[in-house]
Number of protein chains: 2
Amino acid sequence: MSSITVLLVDDHLVVRSGLRALLGTQPDLHVIAEAASGEEAMDRVQEHSPHVVVMDLAMGAGMDGIEAIRRIRERNGGQAILVFTTYDSDADIVRAVDAGAMGYLLKDAAPEEIFSAIRGAVQGKSVMSPPVASRLFQQLRNPEEILTPREAELLSLLTEGLSNRELGRRLFISEATVKTHLAHIYAKLGVETRAAAIATAIRREGMR
Amino acid sequence: MSSITVLLVDDHLVVRSGLRALLGTQPDLHVIAEAASGEEAMDRVQEHSPHVVVMDLAMGAGMDGIEAIRRIRERNGGQAILVFTTYDSDADIVRAVDAGAMGYLLKDAAPEEIFSAIRGAVQGKSVMSPPVASRLFQQLRNPEEILTPREAELLSLLTEGLSNRELGRRLFISEATVKTHLAHIYAKLGVETRAAAIATAIRREGMR
DNA sequence: AGCCGTATCAGCCAAAAGGCTGAGAGACGC
DNA sequence: GCGTCTCTCAGCCTTTTGGCTGATACGGCT
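Residues numbered from 1 in each chain as written. Chains lettered and ligands numbered in written order. Predicted model: local features only at pLDDT ≥ 70, side-chain atom pairs only at ≥ 80, totals over all residues. Heavy atoms only, no water.

**Q** Got a minute to help me understand the pattern of salt bridges in this structure?
**A** Here the idea is simple: oppositely charged side chains can pair when their charged atoms come close. Residue and element names in this part refer to chain A. Within the structure shown, the criterion is met by 22 salt bridges over all chains. Ionic pairing is found between Glu67 and Arg71, a salt bridge with its closest N-O pair at 3.0 Å. In this pair, Glu67 and Arg71 both sit in helix H3 (residues 65-75), four residues apart, roughly one turn of the helix. When the shortest N-O distance is used, the salt bridge between Lys188 and Glu151 registers 2.8 Å. Taken together, the positions of Lys188 in helix H9 (residues 175-189) and Glu151 in helix H7 (residues 149-158) put the pair 37 residues apart, joining distant regions of the chain. Among the charged side chains, a network of salt bridges with common partners joins Asp10, Asp56 and Lys107. (Salt bridge = Lys/Arg side-chain N within 4 Å of Asp/Glu carboxyl O. Helix = DSSP H or I, 4+ residues; strand = E, 2+ residues; numbered from the N terminus.)

**Q** Explain the protein's contact with DNA strand D here, please?
**A** As a structural note, the neighbourhood of DNA strand D is formed by 17 residues, with Thr148 and Ser174 of chain A together with Lys179, Tyr186 and Arg194 of chain B the closest of them. At the protein interface, 71% of the atoms of DNA strand D within 4 Å belong to sugar or phosphate. Within the contact set of DNA strand D, a base oxygen lies 2.6 Å away from a side-chain nitrogen or oxygen of Lys179 of chain B. Here a phosphate oxygen of DNA strand D and a backbone polar atom of Arg194 of chain B are 2.6 Å apart. At the level of elements, H7 and H9 of chain A together with helix H8 (164-171) and helix H9 (175-189) of chain B are the ones that each hand at least two residues to the surface near DNA strand D. (Near = heavy atom within 4 Å. Polar contact = N/O pair within 3.5 Å; in protein donor to acceptor, adjacent residues only side chain to side chain.)

**Q** Could you clarify how one ought to interpret the interface of chain B and chain A in this entry?
**A** Quoted interface sizes are often the accessible area lost when the parts come together. Each side of the interface is counted separately: chain B has 29 residues, and chain A has 28 residues. Here chain B and chain A share an interface that buries about 2,300 Å² over both sides, 74% of which is from carbon and sulfur atoms. On the chain B side of the contact with chain A, His12, Val14 and Ile202 of chain B bury the most area, a combined 23% of that side's loss. Our count for the contact surface shared by chain B and chain A stands at zero salt bridges. When contributions to the side of chain B that touches chain A are tallied by element, the ones reaching two or more residues are helix H1 (13-24) and helix H10 (194-205) of chain B. Counting residues per element, the side of chain B that touches chain A draws most heavily on H1 of chain B, at eight residues. Of the residues contributing to the side of chain B that touches chain A, the split by class is 15 nonpolar, eight polar and six charged. (Contact = heavy atoms within 4.5 Å. Buried area = accessible area lost by both parts, 1.4 Å probe. Nonpolar A, V, L, I, M, F, W, Y, C, P; charged D, E, K, R; others polar.)

**Q** Can you help me understand the protein's contact with DNA strand C in this one?
**A** The local shell around DNA strand C holds 17 residues, among which Lys179 and Arg194 of chain A together with Thr148, Ser174 and His181 of chain B are the closest. In the environment of DNA strand C, a base oxygen lies 2.6 Å from a nitrogen or oxygen atom belonging to the side chain of Lys179 of chain A. Here a phosphate oxygen of DNA strand C sits 2.6 Å away from a polar atom, N or O, in the main chain of Arg194 of chain A. At four residues, the largest contribution of residues to the surface near DNA strand C is made by H9 of chain B. Of the residues belonging to the surface near DNA strand C, the class tally is four nonpolar, eight polar and five charged.

**Q** What is the right way to look at the pairing of strand E1 (residues 4-9) of chain A in this model?
**A** Residues and elements named next belong to chain A. Across the six residues that make up E1, a large majority, six, are buried. Alternating residues of E1 divide into Ile4, Val6 and Leu8 and Thr5, Leu7 and Val9, and every residue in both groups is buried. Direction of pairing for E1 relative to strand E2 (residues 29-35): parallel, over a ladder of six bridges. Counterpart to Val6 in the pairing with E2 is Val31. Once the chain exits E1 it traverses helix H1 (residues 13-24) before rejoining the sheet at E2, and the crossover so formed is right-handed. In the sheet, E1 pairs with strand E3 (residues 52-55) via four bridges, with the strands oriented parallel. In the strand pairing of E3, Val9 is matched with Met55. (Buried < 20%, exposed > 50% of the residue type's maximum accessible area, 1.4 Å probe, protein only. Pairing = 2+ DSSP bridges. Right-handed = clockwise from strand over helix to strand, strands pointing away.)

The structure is reproduced here in structure tokens:
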């Protein structure tokens, strides 16, 4: 038991090369294929059945990383999937984990961290970068902050800058209902105004 | 004239390795040093005087890419600096260009594009990825969209979710003045509501 | 000196947003 | 079957925001 096959999925060539170079320094890790998109990732998994899939979430076009994780786990249960991405967005972490990801690493993780995450993943161990872990715990600790599907939908449209009237039209509900949803969203996000809600929503979904 | 020395600056190890591997395929390009931060970049430039500096804008801690570009150009005029980053934010493009960047590439650029950008940079040619170029042109075509310093300051606080009253207190101006500034900002951004202003502001400064 | 851009402030009015209470209809779990 | 969650809607009232018009003051450019 000393050879682990790895599939790299990232839409950036430089990241794939870098990761390949990095993993190449470890005798037990073998990159047997690369993919630049979710679709391609699924094909490569079928062909090579790698032990571990290391995948970026942000894929330029087509299927995104989350969707790719879900589908790969549906068809081929065997692979352990590690998310390897730049930003730690609250929503992405949760979605990746329940799509079936075994771990969640940030791209500035130390090489050793990456190696041990891959080795751990094969044995069914979950690994995540410290900042990711703390965010995830925070999510789990505050379940009352989880938005319902409808609320999330509204919040998403809210970040486009729509008014209550427009939101109502877009979702085929009355303005009164929009206001009700908004009130709930504000309460869950801990803000009082739509401006603050938009700010926190975009920032949570986004960067840093 | 067939040897170009390159300094790589990126806070992600994998990106540096990947870029190094990629440039290694070209006989005339030689990566002579790497740096993981703006501060380190300045030191490496002093030591090695590379022909070209390839730099990511987003640097985790300390000096950001823009600042690093400015300082390197101040002390050592000789180097051509290429920005090599993930996202094309309007503001970053403009700031990078007037900080003295010779080109602006996105990380999903084709290898050939990267090579020719580096070779071109040595000869004083500017290169930028097509999506970047189109954004830059749009900025230049619409100079009336440029915010005054005070307006930018307000917009920045706006994205924190503050109310007019709070904005006034924070900036030591009356609420009336806040409203005047906001009206100007909306006009320049082409929006009608503060919600839309926040949304466009954060997105312009940010991602995608 | 005159003009323009920037920043400051005021008042007025209409529209939008937010707080509150209450309430009905499905869906799901136990 | 009963409670809970979610989504839907309504009315009422206050606060906030946005549109408009006009005004003063300072600095720089010509």
